[in-house]
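# Architecture at a glance
Here is how the chains run, residue by residue.
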Amino acid sequence: MIEFANVTTEYDRERIFRRLHIEPGTHVYDYCVDAFPTLEETVRRDLRMYHCYAISQGEFQVGLPEVDQCAYQVVCLSTCTEEILESIDALLKKGDFLEGYILNDLCNEILFNASNQMNREVDARLRSMGCHLTRRHSPGEGTLAIRYQSELLACFRSEPTLAHITLTDTYMLTPEKSMLYLYGADPALPWIPVEHDCSRCPNTTCMFRSVDAG
């Protein structure tokens, strides 16, 4: 069964500016502060995101004993529709590069923060079932092969609102602002924090990577 997480829109303007090297006390900073409310309005209008998860009971194997041997597997999906990507592209095509870069990063931060909210919901849900989660696994990172994107995405194919999500021939997700990942869950596991720690993540080129991760 697919569950949609209850998330809110969270972001930090100053963290976005730091990530883009927009320094306080400069004309560029003042310009970006003035431009930011319009970009927030674009987000409110065009960013339609979905954060959902599916809990299965040993229905598939991914070649990771830590996950495969668990009583449950939890597949998580965070994504958005194409409208916001079209808005970002329109700014860049007009030559409004700074606004486009800020809008792109703003959306990344909102999506990442929402996925963390979903992770906390998943953690609470599984704890109510007497289970704890493994660490998070994403296809293409660590030892989980990228081809498992197809198997994980199949968990959401029964939901019409997610029909826009597809895979390329190389198993990359479309829309590109999407994350698909997996937890195992079992009563025998110790509890570990569910918050994603970018500083410990091997994917150093991730578009969602926090500026505070170094």
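Residue numbers restart at each chain and count upward from 1, following the sequence in its written direction. Under the rules for a predicted model, residues below a pLDDT of 70 receive no local features and side-chain atom pairs below 80 are neither given nor counted, while totals for whole chains, interfaces and linings still include all residues. Processing note: side-chain calculations cover all non-hydrogen atoms of the structure and skip hydrogens and water entirely.

## What to know about the nonpolar core
Here is the rule: Only buried residues count toward a nonpolar core, which is a set of Ala, Val, Leu, Ile, Met, Phe, Trp, Tyr and Cys residues joined through side-chain atoms within 4.5 Å. Any residue under 20% of the maximum accessible area for its type is buried, any over 50% is exposed, and the rest in between are partly exposed; the area is computed with a 1.4 Å probe on protein chains only. Strands are runs of DSSP state E lasting at least two residues, helices are runs of H or I lasting at least four, and both sets are numbered from the N terminus onward. Here, residues are in contact when the closest pair of their heavy atoms is within 4.5 Å.
Ranked by size, the top nonpolar core spans 22 residues in total, and within it Phe17, Val43, Leu47, Met49, Ile84, Ile102 and Leu103 carry the most contacts. Elements represented by at least two residues in this core include exactly helix H1 (13-19), helix H2 (27-46), helix H4 (82-94) and helix H5 (97-128). Looking at this core, the element that brings in the most residues is H5, giving 7 residues. If near-sequence neighbours (up to four positions away) are discounted, methionine 49 is found in contact with Val7, Thr9, Thr79, Cys80, Ile110, Leu111 and Ala114. In this structure, Val62, Leu144, Tyr148 and Phe156 belong to the second largest nonpolar core, which totals 19 residues.

## Quick word on the confidence of the model for the protein chain
Parts of the prediction with low pLDDT should not have their coordinates interpreted in detail. Here is the rule: A residue's pLDDT is simply how confident the predictor is in it, with values from 0 to 100.
For the protein chain, mean pLDDT is 92; residues scoring 70 or higher make up 91% of the total. Put simply, helix H3 (residues 65-68) is where the protein chain has its lowest mean pLDDT, 95, and H2 is where it has its highest, 98.

## Some words on H5
Rules: Under the convention used throughout, the expected extent of a helix is 1.5 Å for every residue step, that is, one less than its residue count.
The terminal C-alpha atoms of H5 lie 47 Å apart, and with 32 residues this matches the ideal 46 Å at 1.5 Å per residue to within 8%. Glycine 130 sits one or two residues past H5 and shows a positive phi near 80 degrees.

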